[in-house]
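# Summary of the model geometry
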Amino acid sequence: MLHALRVTSVLALLSLIPFPLFAQGASVAFGGLKQDTSLPVEVSADNLAVNQADGTAVFSGNVLIGQGKMKISAGKVKVEYTNDGSGISKLFASEGVTLINATDAAEAREAVYTIDSGNVVMTGDVLLTQGGNALSGQKLVINLKAGTGVMEGRVQTVFQPGKAKN
């Protein structure tokens with residue numbers, strides 16, 4: 001039921017834009033997703049399990065992550081710390097991921113955020129919305145530092161042509 005609702009939402013968004021573009025990969029500007037990756041990362045969740053042996057922590061249940069203006073929500077997030085334990089190396093989000101910043105939003109089944117590089121790799125039924133435009137594919141790689149990204153895997157979108165002025 002939820003998948004059917006999401007598909008309906010995607011189709012509604014895509015209907016806003018009339019001729020199709022189908023490609024294997026598409027570069028996209030992510031000005032709204034540009035982010036200072038040196039800012040503190042705040043995490044809240046219903047549960048936390050820490051594994052001292054492998055240096056990870058798993059947050060589960062209504063996980064919300066904030067870094068500056070960027071917000072990530074997911075059902076579960078595994079945090080991998082740096083080798084010296086002084087900071088976060090990667091965030092592995094799963095069970096439905098939403099990333100929001102400014103006017104851009106992206107949804108996927110899973111995402112991996114590598115803090116140092118500022119790269120977020122979102123996989124599985126990815127949907128990106130920017131204002132009234134939508135783009136879908138199977139993999140979205142976002143560079144938060146540069147504000148750029150690439151959508152891969154049977155990319156689909158529809159563009160709304162502007163009306164001619166007389």
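Residues numbered from 1 in each chain as written. Predicted model: local features only at pLDDT ≥ 70, side-chain atom pairs only at ≥ 80, totals over all residues. Heavy atoms only, no water.

### What about the pairing of strand S4 (residues 56-67)?
Spelled out, the test is: If DSSP finds at least two bridges between two strands, the strands pair. Each helix is a run of DSSP H or I of at least 4 residues and each strand a run of E of at least 2, with the numbering of both proceeding from the N terminus.
Of the strand pairs in this sheet, strand S2 (residues 42-44) and S4 are connected by 3 bridges, and their pairing is antiparallel. Bridging across to S4, Ser 44 finds its partner in Leu 64. Where strand S3 (residues 47-51) meets S4, 5 bridges bridge the pair, whose relative direction is antiparallel. Looking across to S4, one finds that Asn 51 is bridged to Thr 56. In sequence, S3 turns back onto S4 through a hairpin of 4 residues, with Gly 55 there showing a positive phi of about 70°. Bridge count between S4 and strand S5 (residues 70-81): 10 bridges; the pairing is antiparallel. Residue pairing in the sheet places Ile 65 in a bridge with Ile 72 of S5.

### Concerning empty space enclosed by the protein
Put simply, the test is: With a 1 Å grid laid over protein atoms only, a set of points is called a cavity when a 1.4 Å probe fits there but cannot get out and a pocket when it is open yet has protein on both sides within 12 Å along at least five of seven lines; lining residues have an atom within 4 Å of a point. Grid points are joined across faces, edges and corners, and a volume is the space filled by probe spheres set on the points. By the convention adopted, Pro, Cys, Tyr, Trp, Phe, Met, Ile, Leu, Val and Ala count as nonpolar, Lys, Arg, Asp and Glu as charged, and the other residues, Gly among them, as polar.
Within the structure shown, the criterion is met by 1 cavity of 30 Å³ or more. The computed volume of the largest cavity comes to approximately 40 Å³. Every residue lining the largest cavity is listed: Ile 65, Ile 72, Leu 91, Ala 93, Ala 111, Val 112, Tyr 113 and Val 120. Every element with two or more residues in the lining of the largest cavity is listed here: strand S6 (88-94) and strand S9 (110-114). At 3 residues, the largest contribution of residues to the lining of the largest cavity is made by S9. Tallied by class, the residues present in the lining of the largest cavity amount to 8 nonpolar, no polar and no charged.

### Things to note about the nonpolar core
Filter applied, for reference: The nonpolar core is taken to be a set of buried Ala, Val, Leu, Ile, Met, Phe, Trp, Tyr and Cys residues, with the residues joined through side-chain atoms within 4.5 Å. When a residue's accessible area, from a 1.4 Å probe over protein chains only, is under 20% of the maximum for its type it is buried; when over 50% it is exposed; and in between it is partly exposed. For this analysis, residues touch if any pair of their heavy atoms sits within 4.5 Å.
Of all hydrophobic cores here, the largest spans 28 residues; its most connected members are Val 77, Tyr 113, Val 120 and Met 122. In terms of residues, this core owes the most to one element, S5, which gives 5 residues. Filtering out sequence-adjacent residues up to four positions away, Tyr 113 remains in contact with Thr 37, Gln 67, Met 70, Ile 72, Ser 89, Lys 90, Leu 91, Gly 118, Asn 119, Val 120 and Leu 144.

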